[in-house]
Amino acid sequence: MLRREAQGHLAFGNDGLLVQTAAGSSVGRLVTGLAQFHNLPLVNVVRSERGAAELRQRFPDIPVVSDSRRHRRGRDTAPRSGTSSGTVPGPAG
């Protein structure tokens, strides 16, 4: 159901990607696995660099961004490939 909704979003028609907040939660990890299985472009956002490191180890092919203020100063907060991000699911796990 989530895959169908994400793929039906206008951003996918414009070569967009999914940006998922709370990616380190149990639901977030499930969504990441499903996105990887279905080849959906995804960027995960987590609260801490420690959480980002854990997700990078578990899902090495999926970009992860830490949302910690001290970590992102002066940096773009999302890896970009020239595409827009129009879908931002925030799982509550």
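These lines cover the structure that appears in this document, whether it is placed above or below. In this text the structure is predicted, and so the values were computed from the model without any measurement.

Analysis parameters
Residues numbered from 1 in each chain as written. Predicted model: local features only at pLDDT ≥ 70, side-chain atom pairs only at ≥ 80, totals over all residues. Heavy atoms only, no water. Helix = DSSP H or I, 4+ residues; strand = E, 2+ residues; numbered from the N terminus. Buried < 20%, exposed > 50% of the residue type's maximum accessible area, 1.4 Å probe, protein only. Polar contact = N/O pair within 3.5 Å; in protein donor to acceptor, adjacent residues only side chain to side chain. Core = buried A, V, L, I, M, F, W, Y, C linked by side-chain atoms within 4.5 Å. Contact = heavy atoms within 4.5 Å. Arc of directions from axis to C-beta. Expected span 1.5 Å × (residues − 1).

1. Quick word on the side chain of Gln20
Inference 1: Checked against the element boundaries, Gln20 lands in strand β1 (residues 17-20).
Inference 2: On the basis of relative accessibility, which here comes to 0%, the residue Gln20 falls in the buried class.
Inference 3: Among the polar contacts listed, one links the side chain of Gln20 to the side chain of Asn44, at a separation of 2.6 Å.

2. A short note on the nonpolar core
Soluble, globular proteins show a tendency: their nonpolar side chains are buried together.
Inference 1: Grouped together as the largest cluster of nonpolar side chains are 11 residues: Leu18, Ala23, Ala35, Leu40, Leu42, Val46, Ala52, Leu55, Phe59, Ile62 and Val64.
Inference 2: Listed by contribution, the elements that provide at least two residues to this core are β2 (42-46) and α4 (49-58).
Inference 3: Excluding anything up to four places from it in sequence, Val64 contacts Asn44, Val46, Ala52, Leu55 and Arg56.
Inference 4: Counting five residues, the second-largest nonpolar core is a separate cluster that includes Leu17, Val19, Val43 and Val45.

3. Things to note about α4
Inference 1: Along α4, the positions that sit buried rather than exposed are Gly51, Ala52 and Leu55. The buried residues of α4 occupy an angular sector of 100 degrees when projected down its axis, which confines them to one face. The outward face of α4, more than 90 degrees from its buried face, is lined by the exposed residues Arg50 and Gln57.
Inference 2: The secondary structure elements touched by the buried residues of α4 are α3 (26-37), β2 and β3 (64-66).

4. Considerations on α3
Inference 1: Here α3 contains 12 residues, and its C-alpha end-to-end distance of 17 Å stays within 8% of the 16 Å for a straight helix at 1.5 Å per residue.
Inference 2: Within the sequence span of α3, burial applies to Gly28, Val31, Thr32 and Ala35. In a view along the axis of α3, the buried residues occupy a sector of 105 degrees, so they form one face of it. Among the exposed residues of α3, those oriented more than 90 degrees off its buried face are Leu30 and Phe37.

5. So, the environment of Arg50
Inference 1: Position of Arg50 relative to the elements: it lies in helix α4.
Inference 2: A residue is classified by how much of its surface remains accessible, and Arg50, at 66% relative accessible area, is exposed.
Inference 3: Distance in space between the C-alpha atoms of Arg50 and Ser66 is 8.4 Å, their sequence separation being 16 residues.

6. As for unusual backbone geometry
Inference 1: Of note, Ala22 is a non-glycine position whose phi angle comes to about 55 degrees, a positive value.
Inference 2: By the secondary structure assignment, Ala22 is in the loop between β1 and α3.
Inference 3: Although it is not a glycine, Asn39 sits at a positive phi angle of roughly 55 degrees.
Inference 4: Tracing the sequence through the fold places Asn39 in the loop between α3 and β2.
Inference 5: Classification of Asn39 as exposed rests on a relative accessible area of 67%.

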